[in-house]
Amino acid sequence: MRKVITYGTFDLFHMGHLRLLERLREMGDHLTVAVSSDAFNAGKGKSATVCYEERAHILRALRCVDDVIAEDAWEQKADDIRRLGIHVFGMGSDWDGKFDDLKALCEVVYLPRTEGISTSLIKESIVSPTPVRVAASR
Ligand code: C2G
């Protein structure tokens, strides 16, 4: 079984998140998503609108997600990869190169970010209503 892992906040879950997870799932047979805890987000200077429990619940409900764990620290990735027998670590391209140290443990991929959508764009569109939608999927 080829196991894939990714990490993130996944606040106000949207098409950019889903497209990343679906592409990562296609790269293997099993996808683990490590969801940033509320405390870890505070350390990132982020405060998610949706609490950890609900963000994790949404991800567990997705067909393309096989397991959900908590992300509590930047440094846990190498241990997770070893403990879970991960073959591929993947992130969106805004993280390009940032986790290349993990190439010693597994394949590392950075997939193109979905343009036109982000959690902050969604929040802005609520304040000044303008539709937020991604380009039609190919
Ligand atoms: N993403 C994407 N396209 C978007 C928005 C996000 O592909 N339009 C990807 C990001 O590149 C990331 C994942 O979706 O790989 C989750 O994004 P965030 O929830 O913003 O997570 P982030 O704050 O980047 O936390 O240790 C890693 C961190 O926890 C990543």
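So, a few notes on the structure that sits alongside this text. (Residues numbered from 1 in each chain as written. Predicted model: local features only at pLDDT ≥ 70, side-chain atom pairs only at ≥ 80, totals over all residues. Heavy atoms only, no water.)

**A word on the environment of Ala104**
Within the secondary structure, Ala104 sits in the loop between strand S4 (88-92) and strand S5 (107-111). For the pair Ala104 and Ala78, spaced 26 residues apart in the sequence, the C-alpha separation amounts to 9.4 Å. (Helix = DSSP H or I, 4+ residues; strand = E, 2+ residues; numbered from the N terminus.)

**Considerations on the layout of surface pockets**
Here the largest pocket defines a volume of roughly 680 Å³. Lining the largest pocket are 33 residues, with His17, Lys46, Asp94, Trp95 and Arg113 sitting closest to its centre. Contributing elements (two or more residues each) for the lining of the largest pocket: strand S1 (3-8), helix H1 (15-26), helix H2 (38-44), S4 and helix H5 (119-127). Along the lines of polarity and charge, the residues of the lining of the largest pocket split into 11 nonpolar, 13 polar and 9 charged. (1 Å grid on protein atoms, 1.4 Å probe; cavity = no way out; pocket = protein on both sides within 12 Å on 5 of 7 lines; lining within 4 Å. Points joined across faces, edges and corners; volume = space filled by probe spheres on them. Nonpolar A, V, L, I, M, F, W, Y, C, P; charged D, E, K, R; others polar.)

**Some points on the packing of aromatic side chains**
Enumeration over the complete set of coordinates arrives at 6 aromatic pairs. Centre to centre, the rings of Tyr7 and Phe89 are 5.8 Å apart; their planes meet at 40°, and the pair counts as tilted. You can see Tyr7 sitting in strand S1 and its partner Phe89 sitting in strand S4, a full 82 residues away along the chain. What links up through ring pairs into an aromatic cluster is the set Tyr7, Phe40, Trp74, Phe89, Trp95 and Phe99. Positioned over the ring face of Tyr7 is Lys77, at 4.8 Å from the centre of the ring. (Phe/Tyr/Trp six-rings, centres within 6.5 Å; stacked < 30°, edge-to-face > 60°. Lys NZ or Arg CZ within 6 Å of the ring centre and 35° of its normal.)

**With respect to helix H4 (residues 77-84)**
Inspection of H4 places Lys77, Ala78, Asp80, Ile81 and Leu84 among the buried residues, and these make up the whole buried set. Seen from one end, H4 has its buried residues packed into an arc of 165°, which puts them on one side. Relative to its buried face, H4 has exposed residues pointing more than 90 degrees away, namely Arg82 and Arg83. Residues of H4 that are buried make contact with S1, strand S2 (30-36), strand S3 (67-71) and S4. Of the residues flanking the end of H4, it is Gly85, one or two places downstream, whose phi is positive at about 65°. (Buried < 20%, exposed > 50% of the residue type's maximum accessible area, 1.4 Å probe, protein only. Arc of directions from axis to C-beta. Contact = heavy atoms within 4.5 Å.)

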